[in-house]
Amino acid sequence: MGLEDDARADFARLRKDRRDKVFAGLERHGIDALMLGGVGNVRYVSGARQLGRSGVLPFAPVAVAVRQTARVHLLSTWDEGVPPEIGYEDLYRMSWNPANLAADLAKVPGLREARIVGTDGLTPRFKGLISALVTDAELVDAAPVMAAARRIKTPDEVTCLEVASAIAEAGLSAMEEALAPGITERELLGLHDERVASLGAPHPPSESVCFATPSQGRVAFRHLASDRPIGDGELVVLAPGALYAGYESGLARTRVAGRRPGKAAADLASRCARSMDALVAACRPGNTGADLYRVWENEGNRDCPVPLAHGLGLGAEPPLIGLGRGRNAALDDGMVLSVQSWMTEEGVGGCLERATVELAGNAASTLTRYARMS
Amino acid sequence: MPDITRMRRERFARLQEQLDAQGVDGLVLLGSSSVAYATGAGEPGQDGDRAALFRTVAVVVKGDSAPHLYTMYDDGVPDDLPDDHVHGPLFPDLDDGIELFAAAIADHFPPGARIGIDHQTHAVLRALPDVEWTDAADVVSPAKLLKTPDEVACIRNAQLLNELAMVDARELLRPGTRQIDLSAVFLRRVFELGASANAIDPIWQVMAPTLELGPWTLHGDIAYPTVTTDRFLRDGDIIWVDAGITWQGYASDYGRTWITGRAAVPNAKQQKQFHRWRGVVDAALDILKPGVSARELGKAAIEANDGVRPWIDHFYLAHGIGVDSAEMPLIGTDLGDHFDERLIMQPGMVAVFEPVIWDEGASGYRSEDIVAVTDTGWVKLSGSTYEPFGVSS
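Residues numbered from 1 in each chain as written. Chains lettered and ligands numbered in written order. Predicted model: local features only at pLDDT ≥ 70, side-chain atom pairs only at ≥ 80, totals over all residues.

Peer 1: Could you give an account of the overall build of chain B, naming the residues involved and the relevant values?
Peer 2: Helix and strand counts for chain B stand at 11 helices and 19 strands. Each of the three principal axes of chain B carries a C-alpha extent, and together these read 70 × 45 × 40 Å. The proportion of buried residues among the 393 residues of chain B is 54%. For chain B, contacts bridging at least 24 residues in sequence account for 66% of all contacts bridging at least 6. (Helix = DSSP H or I, 4+ residues; strand = E, 2+ residues; numbered from the N terminus. Buried ≥ 20, exposed ≤ 12 C-beta atoms within 10 Å, placed from the backbone. Contact = placed C-beta atoms within 7 Å.)

Peer 1: With reference to specific residues and values, describe the overall build of chain A.
Peer 2: Along the backbone of chain A there are nine helices and 16 strands. Taken over the C-alpha trace, chain A has a radius of gyration of 22 Å; the compact-globule value for 374 residues is 21 Å, and the two agree within 12%. Projected onto the principal axes, the alpha-carbon positions of chain A cover approximately 70 × 40 × 40 Å. A burial count over chain A gives 59% of its 374 residues as buried. Within chain A, counting contacts between residues at least 6 apart in sequence, those at least 24 apart form 70% of the total. (Rg over C-alpha atoms; globule rule 2.2 N^0.38 Å.)

Peer 1: Tell me what's going on with the domain arrangement of chain B, and back it up with residues and numbers.
Peer 2: Residue and element names in this part refer to chain B. For chain B, the assigned domains are domain 1 (4-145) and domain 2 (149-380). Centre-to-centre separation of domain 1 and domain 2, based on C-alpha positions: 32 Å. Listing elements by their share of the side of domain 1 that touches domain 2, those giving two or more residues are α1 (4-22), α2 (32-39) and α6 (137-145). Across the side of domain 1 that touches domain 2, the residue classes break down as six nonpolar, five polar and two charged. (Domains from an automatic or database assignment. Nonpolar A, V, L, I, M, F, W, Y, C, P; charged D, E, K, R; others polar.)

Peer 1: How would you explain the interface of chain B and chain A if you had to name every residue and give the values?
Peer 2: Opposite the 68 residues of chain B that make contact, chain A presents 69 residues. If you list the elements that add at least two residues to the side of chain B that touches chain A, you get α2, α3 (48-53), β6 (132-135), α8 (179-193) and β7 (197-198) of chain B. The greatest single-element share of the side of chain B that touches chain A, amounting to nine residues, is contributed by α8 of chain B.

Peer 1: Tell me about the environment of Y88 of chain A, residues and numbers included.
Peer 2: Residues and elements named next belong to chain A. Of note, Y88 is situated in the loop between β3 (71-75) and β4 (91-92). Overall, Y88 belongs to the exposed group, with 11 C-beta atoms counted inside 10 Å. C-alpha separation for the pair Y88 and R28, spaced 60 residues apart in sequence, amounts to 29 Å.

Peer 1: If you had to explain the sheet that holds strand β14 (residues 327-331) of chain B to someone new, which residues and values would you point to?
Peer 2: Within a sheet, neighbouring strands are paired by backbone hydrogen bonds and run either parallel or antiparallel to one another. All names here are of chain B. Spatial strand order, β14-β13-β15-β18-β19: five strands in an open sheet with antiparallel pairing. What marks the edges here is a single partner per strand, and that holds for β14 and β19 (378-380). Along the sheet, successive strands turn relative to each other by an average axial angle of 25°, direction set aside. Where strand β13 (residues 318-320) lies against strand β15 (residues 350-353), three bridges are found, and the strand directions are antiparallel. Paired with H319 across the two strands is V352, which belongs to β15. (Pairing = 2+ DSSP bridges. Axes fitted to C-alpha atoms, helices over the stretch in contact; angles between N-to-C directions.)

Peer 1: How would you summarise the pairing of β6 of chain B if you had to cite specific residues and measurements?
Peer 2: Residues and elements named next belong to chain B. Two elements, strand β5 (residues 114-117) and β6, share four bridges in a ladder whose sense is parallel. Bridging from a neighbouring strand, G116 pairs with T134 of β6. Following the backbone out of β5, through helix α5 (residues 122-127) and into the adjacent parallel β6, one traces a crossover that is right-handed. (Right-handed = clockwise from strand over helix to strand, strands pointing away.)

Peer 1: Tell me about the nonpolar core, and please be specific about residues and values.
Peer 2: Residues L34 and L279 of chain A are the most contacted members of the largest nonpolar core, which totals 240 residues. Look past the residues within four positions of L279 of chain A in its chain and what remains in contact with it is L292, V295, W296, L308, A309, V339 and S341 of chain A. (Core = buried A, V, L, I, M, F, W, Y, C linked by C-beta atoms within 7 Å.)

Peer 1: Any details on the domain arrangement of chain A? Residues and values, ideally.
Peer 2: The parts lose accessible area when they come together, and the size of an interface is often stated as this lost area. Residue and element names in this part refer to chain A. When cut into domains, chain A gives domain 1 (11-150) and domain 2 (152-366). When each unit is reduced to the centre of its C-alpha atoms, the spacing between domain 1 and domain 2 is 33 Å. Taken residue by residue, the interface counts 10 residues in domain 1 and 10 residues in domain 2. Among the secondary structure elements, those contributing two or more residues to the side of domain 1 that touches domain 2 are α1 (11-29), α2 (39-46) and α5 (143-151).

Peer 1: A description of helix α9 (residues 289-298) of chain A should follow, citing residues and the corresponding values.
Peer 2: All names here are of chain A. Of the residues making up α9, those classed as buried are G289, L292, Y293, V295 and W296. The buried residues of α9 occupy one face: seen down the axis, they fall within an arc of 170°. Against α8 (263-282), β12 (309-313) and β13 (315-321) lie the buried residues of α9. G300 sits one or two residues past α9 and shows a positive phi near 90°. (Arc of directions from axis to C-beta.)

Peer 1: Account for the sheet that holds strand β7 (residues 210-213) of chain A, with residues named and values stated.
Peer 2: Residue and element names in this part refer to chain A. Judged by pairing direction, the sheet is antiparallel, and its three strands sit side by side in the order β7-β8-β11 without closing on themselves. Of all the strands in the sheet, the pair left with one neighbour each is β7 and β11 (253-256). For this sheet, the mean inter-axis angle between neighbouring strands, taken without regard to orientation, is 25°. Where strand β8 (residues 235-238) lies against β11, four bridges are found, and the strand directions are antiparallel. Along β11, the bridge assignment pairs V236 with R255.

Peer 1: I'd love a proper account of unusual backbone geometry, names of residues and values included.
Peer 2: In this chain, P318 of chain A is followed by P319 of chain A through a cis amide linkage whose omega measures 0°. Residue position: P319 of chain A is located in strand β13. A cis amide bond links M328 of chain B with the next residue in sequence, P329 of chain B, at an omega value of 0°. The phi dihedral of Q248 of chain B is positive, around 50°, even though this residue is not glycine. Here Q248 of chain B falls in the buried class, since 21 other C-beta atoms lie within 10 Å of it. A positive phi is found at S363 of chain B, a non-glycine position, where the angle reads about 60°. Following the sequence through the fold, S363 of chain B ends up in the loop between β16 (356-358) and β17 (364-366).

Peer 1: Tell me about the environment of G97 of chain B, and please be specific about residues and values.
Peer 2: Mapped onto the elements, G97 of chain B comes out in the loop between β4 (86-87) and α4 (98-108). A tally of 18 C-beta atoms within 10 Å means that G97 of chain B is categorised as partly exposed. Expressed as a C-alpha distance, the spacing of G97 of chain B and A123 of chain B, which sit 26 residues apart in the sequence, is 9.7 Å. Apart from the residues within four sequence positions on either side, G97 of chain B is in contact with G324 and R325 of chain A together with F91 of chain B.

Peer 1: Any chance you could break down the pairing of strand β6 (residues 138-141) of chain A for me, citing the residues and the numbers?
Peer 2: Every other side chain in a regular strand lies on the same face of the sheet, so the side chains alternate between the two faces. All names here are of chain A. Two strands pair when backbone bridges link them, and strand β5 (residues 116-119) and β6 are joined in this way by four bridges, in the parallel orientation. Each residue of the ladder has a partner; that of T119, found in β6, is D141. Each parallel crossover has a hand, and the one from β5 via helix α4 (residues 124-134) to β6 is right-handed.

Peer 1: Give a description of the environment of D291 of chain A that names residues and reports values.
Peer 2: You can see D291 of chain A is positioned in helix α9. A C-alpha to C-alpha distance of 22 Å links D291 of chain A and A148 of chain A, two positions 143 residues apart in sequence.

Peer 1: Go over the packing of helix α7 (residues 149-171) of chain B against α8 of chain B, please, and point to the residues and values.
Peer 2: Residues and elements named next belong to chain B. At a minimum axis distance of 8 Å, the contact between α7 and α8 shows a crossing angle of 140°. Of the possible angle classes, the one that applies to α7 and α8 is oblique. Considering how the two elements wind past one another, α7 and α8 form a crossing that is right-handed. The residues of α8 that touch α7, namely those facing L161, N162, L164, A165, M166, D168 and A169, are L182, V185, F186, R189, V190 and L193. Of the residues in the contact of α7 with α8, the class split is 10 nonpolar, one polar and two charged. (Parallel < 35°, antiparallel > 145°, perpendicular 65-115°, else oblique. Left-handed = near helix turned anticlockwise from the far one by under 90°.)

Written out as structure tokens, the structure reads:
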């Protein structure tokens, strides 16, 4: 990840604001320390640039925050990518032997004496090791501190999301320029990753970035790139994403391969756009997830097989609204959501619109921009 | 090419054997690689928190004929999984709807069952306070340790795709190229060639000539691997490359040393480093066969490097590879000599040898050779070109 040069966001301030929110949360909830393993949580509390990987690993303590000392400690054997407020003495080694990792953690000042420690997961093995070798503190959920801190974005975080949005838009244009009958989803995915990487964000948030929809028979949302050449006249979903300084943005547009949209495709696209506008308009502070379900149904739509919305920040975040979840999720000023409208029609195909939306003041502000199907 | 259906069947049988051997009634798996191992389910490559929120879940019940899969990625469901074993997603990271997760567990296991789990979310711990969880690693790790011939074929193919894409990346290597430009070319090409997913942000680390000129480290040894940036590469820069993709769930591991320049030729010292690296790997391979211990392999490597341990303090002489990019057998880690003495090579183990040769003042050489242990010795799974250092063994 390049470009983290303070030209747009003040990264020192961004990190300080995040740390302040975390330590205030520890104070508020009476938690003495955090042991965190989730990629977004580690980035949030430490600000460190760590190696991007695909997939999710079981819990391991990669970052530790101690309320008493107000220090953040990080599993990193070297200082590269580690911000200056985390000193050499705050780093602990990469170990293959969990007992060595536990021994290093036991040396973190203030951790052994902690009475309540928040974690973002556990494994039966780490739970045993922590209790035996690190601290006999009660292990509780870190989410009241971490999820609460991450939910509302600071202006610097929104700037990062705007930069990520710009990179994602470039990913969309790379795919749109290449889209023609005969090209494969796999080739479009390659072009997407190439463009996004060359703009400084080599590890995209998802490789689910495009799929062609069939003009005959049942239409399903697909996630894995296929080798089949895209057919003339097929509706093709282009759904790029990008990470900037860890912040994720994404959007989606649908295009017809090889020709201008016919009437049936244009009708589907305009229904998709209408529902999208209704969803975005419902993303208002004071509303809840139920309002998104309500406007979706009011537009005449049935259950959606993909989420209507979910949080965005340092990666995908709660709340999840859709798939039966999130009716009670409160929408607040300062949240950022990925919002999407997915519509299908047998004999025509499928149409997806997705946007990254900031809840600011009274209304929703769309951070991602791109022309709709016309 | 591998028979993927047979591979899934044989893996599932290994999990069942281990459930029996460990006295565990079943598994609940939340980690990406464990789910892939147990079910063969496909999912798009995704960054950590996205992969977590939208994670697939596998449930393996002792005595059952197939795993249960809970996923929102319908197009990744294996064809041969029975319909009544395929379910919608569970979202175990959220309290909202966690009663559905609890109900699923209750469907599969009677009260008091001993269930292995690889990752516990707090929502799961709250919803199932009475379950006595054990660590799934006790079942999954021994099952994964020995690869079937189909698994070995998957690793070999993943590695081939990775190596072919690196040909294009290396052609771009010249002064002014940025690290991210190499990533861009590599990622595009590897997907064109057929990769299922990229596994890590590709690494193109510029090695400083001395340890002091490199990043500060806790152990005083080499800092590696550091994360790719938009750094410009300069003529003569020594680049330690490391990248991994997956194919059918199996990881590749590409490691080479490159020299920046349109027609870069290693100098005499660099050639010597390469030959020493080759000598270290060959010393280990010369004795590698079933029955040899990890400790003996480590000793042979150290001896070939005149008594100096030829690997980085926080790593290993060799690591296994499979659905995880680094898994057992781990040879030469901080698990210690006693562990290595008891770690005995067996047919079906796969090892990635990645010793490092370092000359203070002249940087060093690092590459990776992947071999599978056979009944009588080993077979190489990675390619045998090491440009610009030439071809060897």
